[in-house]
Amino acid sequence: ASLDQQQSDVGLCEALINFTRTFSPDKPCRAVHTDQIRQVLWEPEPSVWMVLVVKRVAPPKRDSDSYGDDDLSSQVLDSILRNAYQM
């Protein structure tokens, strides 16, 4: 991603973390899912955050009755992020 996009992603993550801490100081935002991106946030050490951003190639197709979570689940992405930290 371009430097501008990376800065934008960081700004969004900081805003989400700070906003959610207003309502739940002990449980800040951990994941953001939109049609275009998946973001997983993790604080491995105090004041040190890691973020994994995955961009979708195409928006999800919505079936007639339900729209379920897809293969980019928060649990899978969180596991990838934690494994990367341990490397």
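This text follows the structure it describes.
A brief look at the structure comes next. (Residues numbered from 1 in each chain as written. Predicted model: local features only at pLDDT ≥ 70, side-chain atom pairs only at ≥ 80, totals over all residues. Heavy atoms only, no water.)

A separate point is the overall build of the protein chain. Within the protein chain, the regular secondary structure consists of 2 helices and 3 strands. N-terminal to C-terminal, the α/β element order of the protein chain is α-β-β-β-α. Counting the 87 residues in the protein chain, one finds 21% classified as buried. A fraction of 46% describes how many contacts in the protein chain between residues 6 or more apart in sequence connect residues 24 or more apart. (Helix = DSSP H or I, 4+ residues; strand = E, 2+ residues; numbered from the N terminus. Buried < 20%, exposed > 50% of the residue type's maximum accessible area, 1.4 Å probe, protein only. Contact = heavy atoms within 4.5 Å.)

A word on the pairing of strand E3 (residues 48-55). In this structure, strand E2 (residues 37-45) lies alongside E3, joined through 7 bridges in antiparallel fashion. Residue Val-40 lies in a different strand from E3, and its bridge partner there is Leu-52. Counting the residues that bridge the hairpin from E2 to E3 gives 2 residues, and of these Ser-47 lies at a positive phi of roughly 65°. (Pairing = 2+ DSSP bridges.)

What follows concerns the sheet that holds E3. Read across the sheet, 3 strands follow the order E1-E2-E3 without closing on themselves; strand pairing throughout is antiparallel. Each end of this open sheet is capped by a strand with a single partner; those strands are strand E1 (31-33) and E3. Direction aside, the axes of adjacent strands within the sheet are offset by 10° on average. Against the sheet, helix H1 (residues 3-23) makes contact with E1, E2 and E3, and its axis sits at roughly 65° relative to E2, the strand it touches most. (Axes fitted to C-alpha atoms, helices over the stretch in contact; angles between N-to-C directions.)

Moving on to the packing of aromatic side chains. Note on aromatic pairs: each is described by the distance of the centres and the angle between the planes. Enumeration over the complete set of coordinates arrives at 2 aromatic pairs. With centroids separated by 5.1 Å and ring planes inclined at 75°, the aromatic side chains of Phe-19 and Phe-23 adopt a geometry described as edge-to-face. Taken as a pair, Phe-19 and Phe-23 lie in helix H1 at a separation of 4 residues, close to a single helical turn. Side by side, Phe-19 and Phe-23 carry an identical accessibility label, which is exposed. An angle of 85° between the planes, with centres 5.2 Å apart, marks the rings of Trp-42 and Tyr-85 as edge-to-face. Here Tyr-85 lies in helix H2 (residues 74-86) and Trp-42 lies in strand E2, a separation of 43 residues in the sequence. (Phe/Tyr/Trp six-rings, centres within 6.5 Å; stacked < 30°, edge-to-face > 60°.)

A separate point is unusual backbone geometry. Unusually for a residue other than glycine, Ser-47 sits at a positive phi of about 65°. Tracing the backbone through its elements, the reader meets Ser-47 in the loop between E2 and E3.

Counted by the stated rule, this structure contains 3 salt bridges. The shortest N-O distance in the salt bridge between Glu-43 and Arg-21 comes to 3.2 Å. Linking Glu-43 in strand E2 with Arg-21 in helix H1, this pair joins segments that are 22 residues apart in sequence. Under the relative-accessibility criterion, Glu-43 is labelled partly exposed at 28%. Take Arg-21: its relative accessible area is 30%, and that puts it in the partly exposed class. For Asp-78, the salt bridge is made with Arg-82, and the minimal N-O distance between the two is 2.7 Å. Of this pair, Asp-78 and Arg-82 both sit in helix H2, separated by 4 residues, roughly a single helical turn. (Salt bridge = Lys/Arg side-chain N within 4 Å of Asp/Glu carboxyl O.)

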